[in-house]
2 protein chains.
Amino acid sequence: MPEYVNVALDAMGGDNAPFEIIKGAVEALATNERLKVFLVGKEDLICQELGKYTYDKERLAVVQASEVIETAEPPVMAIRKKKDSSIVKAMTMVKEGECDAFVSAGSSGAILVGGQVIVGRLKGVERPPLAPLIPTKNGVALLIDCGANVDARASFLVQFAKMGSIYMEHVVGIKNPRVAIVNIGAEEEKGNALVKETFPLLKNCPDIHFIGSIEARDIPNGDADVIVCDAFVGNVILKLYEGVGATLISKVKEGMMTTLRSKIGALLVKPALKTTLKAFDASEYGGAPLLGLKGLVVKTHGSSKAKEIKNTLIQCVTFKEQNINEKIKQVISQDDE
Amino acid sequence: MPEYVNVALDAMGGDNAPFEIIKGAVEALATNERLKVFLVGKEDLICQELGKYTYDKERLAVVQASEVIETAEPPVMAIRKKKDSSIVKAMTMVKEGECDAFVSAGSSGAILVGGQVIVGRLKGVERPPLAPLIPTKNGVALLIDCGANVDARASFLVQFAKMGSIYMEHVVGIKNPRVAIVNIGAEEEKGNALVKETFPLLKNCPDIHFIGSIEARDIPNGDADVIVCDAFVGNVILKLYEGVGATLISKVKEGMMTTLRSKIGALLVKPALKTTLKAFDASEYGGAPLLGLKGLVVKTHGSSKAKEIKNTLIQCVTFKEQNINEKIKQVISQDDE
């Protein structure tokens, strides 16, 4: 079936599995004719749920996996022991070339570990970064890395910048994306040891459009398209985005409910406000790719519903058709010459 | 004048100097009888502005300083060269015991450098942290460190936790404050090398109420009172707080202006919303202390108005009267025994 982009989808991962996962798969198949989905998980459960839908049977297959890796499990051990889990089975399909990509809303830890040890890195890639899209004032930015590389080296960050640029340009469609490194001031001499070492390397990197440092304050404003940092800082940014957003929205709601006057106003404001704030919701933008692997691995939010699953599956088609991994290999191998 | 708490105030620092600074000083003097303020800066400018107000002349002195350190100047050079600047003169007054504290809305860099090289560290303190109060859902938390220690050691972070606890308990008035370390997961084995090394030290520290790791997502929710991290991470948190807040508020405003219906609603909602969101504004909570120095140094926002200056000056009185530096010396010197 070389005409399809084959995606292994973890039917068991996330808070809304398998119902929303399966719904997302069916919706994606209806939207994109080049997609074929392999639903991996408990066959009886999946088939029962599939009975509710009509879909192109040629482009949907069910693959039995009797085990599930839970979010709380230590990931290294889980990947090693649960050979018949949906994550291990689906990743093995990518490794063996049966599938081009793997999508899961399940355990982040297991996906990061499995990506490295089962799917494996592209030649020359030092560490695979996890790169979610975060909302900005008028669009999105790629925050790279939010994965496992909490004590990163400068050379990792340079590769992240290159891979992130390719992804933003060819999957998200931002021409000549602006790359910036997270820093605590705009001046070149600012930063911790890692940033000071990385800055000149990025500055001299011919493959990217490096615009210098970005302060965290300017990230939501959309001042850069590819935001480079180590995974500790990336995780702090990603989660604080969520936290400040949630607290502020609850404050806004609370404020609207304090007087009778404001309660009436709230009723009038609500529909318009909902539309605007939706644009600032990370789940609208599909999953986070784990880049630099032999195949694509995408982690979606644990709370993913059908829409995010659908968007992510379509992302996988673009990734494959744009030959992203060929482009990454090319830009990484230049360093070896 | 041992009966007063003597505070040297940089009349020339910040976007609204000297007008709002002087206004804040006059308001603080009217609020707190134990306070004496030394306005340091260009005497003619200050005296001209003071002419607009009535105040207790015994508790306000003007100290001439002909130079001003600008925000853009390299701080180490500025502190060394501009001997007659308001920052250097005021800090020298603290060093020589004429003043108990120094407050400035001026160059952060110069204040951090001057604190170390002019005022000097308390015996046993390895590095002085800058610790702003950040708003949370129902109160504030102390974010320690947001200063210069971007490549911190575990032993610095332990001292930050101790100093921060003392400040929160005795200046801000939070009994038995909950201390947490910024991390990327709740489990003890998570984190980068620095966090992994620091975690067990905090766990075994008898002087603090350590509650473990805090994910950035939970900081705005108020899950801890003292948030410990290195200054790189602290700066990212502080500035992203600002950035996400500003972008979301502008999104809310934009959302309210999209339809006629929502515009009418906005008029009704506005006053109540303003009150609620004000509680989430960092400038309400006074300046950020630079802890562990022989005397108190406080940095206020560059955009400080009279209210923040006033609140900060009153903070200085509490700091002195609660013998914070004695308490810090005690808890730090225990480590040497």
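Residues numbered from 1 in each chain as written. Chains lettered and ligands numbered in written order. Predicted model: local features only at pLDDT ≥ 70, side-chain atom pairs only at ≥ 80, totals over all residues. Heavy atoms only, no water.

Quick look at helix H5 (residues 108-119) of chain A
Those residues of H5(A) that fall on the buried side of the exposure criterion are Ala110(A), Ile111(A), Leu112(A), Val113(A), Gly114(A), Gly115(A), Ile118(A) and Val119(A). Those residues of H5(A) that are buried are in contact with helix H3 (75-81), helix H4 (86-95), strand S4 (101-104), strand S10 (288-290) and strand S11 (296-299) of chain A. (Buried < 20%, exposed > 50% of the residue type's maximum accessible area, 1.4 Å probe, protein only. Helix = DSSP H or I, 4+ residues; strand = E, 2+ residues; numbered from the N terminus. Contact = heavy atoms within 4.5 Å.)

Looking at the sheet that holds strand S1 (residues 5-10) of chain B
Residue and element names in this part refer to chain B. The sheet built from 6 strands is open, its strands ordered S3-S2-S1-S4-S11-S10 with mixed pairing. Each edge of the open sheet is held by one strand with a lone partner, namely strand S3 (60-64) and strand S10 (288-290). Strand-to-strand twist in this sheet, taken as the mean axis angle between neighbours without regard to direction, amounts to 25°. Note that S10 and strand S11 (residues 296-299) share 3 bridges and pair antiparallel. Within S11, the position partnered with Leu290 by the bridge is Val297. (Pairing = 2+ DSSP bridges. Axes fitted to C-alpha atoms, helices over the stretch in contact; angles between N-to-C directions.)

Re the interface of chain B and chain A
One widely used convention gives an interface's size as the accessible area the parts lose upon coming together. Contacts between chain B and chain A engage 52 residues on the former and 52 residues on the latter. Together, the buried faces of chain B and chain A total about 4800 Å²; carbon and sulfur atoms form 75% of this surface. At the junction of chain B and chain A, the tally comes to 4 salt bridges. With a closest N to O distance of 3.0 Å, Glu242(A) and Arg217(B) form a salt bridge. Scanning the region where chain B abuts chain A turns up 12 residue pairs in polar contact (both at pLDDT 80 or more). Broken down by element, the side of chain B that touches chain A gets its largest block of residues, 21 residues, from helix H8 (residues 231-256) of chain B. Here the residues of the side of chain B that touches chain A are counted per class, giving 28 nonpolar, 15 polar and 9 charged. (Buried area = accessible area lost by both parts, 1.4 Å probe. Salt bridge = Lys/Arg side-chain N within 4 Å of Asp/Glu carboxyl O. Polar contact = N/O pair within 3.5 Å; in protein donor to acceptor, adjacent residues only side chain to side chain. Nonpolar A, V, L, I, M, F, W, Y, C, P; charged D, E, K, R; others polar.)

Some points on the relation of the copies chain B and chain A
Mapping chain B onto chain A calls for a rotation angle of 180° and an axial translation of 0.0 Å; the resulting RMSD is 0.1 Å. The superposition of one copy onto the other is thereby described by a two-fold rotation axis. Ranked by how close their C-alpha atoms come to the rotation axis, the residues of chain B are headed by Gly265(B), at 2.0 Å. Residue by residue, 100% of the interface of chain B is reproduced at the interface of chain A, so both copies engage with the same surface. (Least-squares fit on C-alpha atoms with pLDDT ≥ 70 in both.)

Digging into the pairing of S1(B)
Residues and elements named next belong to chain B. Taking burial as the measure, the 6 residues of S1 include 6 buried ones, the bulk of the element. Judged by which residues are buried, S1 turns out to be covered on both faces: Val5, Val7 and Leu9 on one side and Asn6, Ala8 and Asp10 on the other are all buried. Bridge count for S1 against strand S2 (residues 35-41) is 6 bridges, and the pairing is parallel. Considered in S2, the bridge of Asp10 is made with Val40. Examined bridge by bridge, S1 and strand S4 (residues 101-104) share 3 bridges and lie parallel to one another. The residue of S4 that forms the bridge with Leu9 is Val103.

Topic: the nonpolar core
Ranked by internal contacts, the top residues of the largest apolar core, which has 186 residues, are Leu39(A), Leu313(A), Leu39(B) and Leu313(B). Sequence-distant contacts of Leu39(A), defined by excluding residues within four places in its chain, comprise Leu9(A), Ala11(A), Ile22(A), Ala25(A), Ile46(A), Leu50(A), Leu60(A), Ala61(A), Val62(A) and Val63(A). (Core = buried A, V, L, I, M, F, W, Y, C linked by side-chain atoms within 4.5 Å.)

Some remarks on the confidence of the model for chain A
Counting all residues, the mean pLDDT for chain A is 93, and 97% of those residues have values of 70 or more. We note a pTM of 0.93 for the whole complex and an ipTM of 0.91 for its interfaces. (pLDDT = per-residue confidence, 0-100.)

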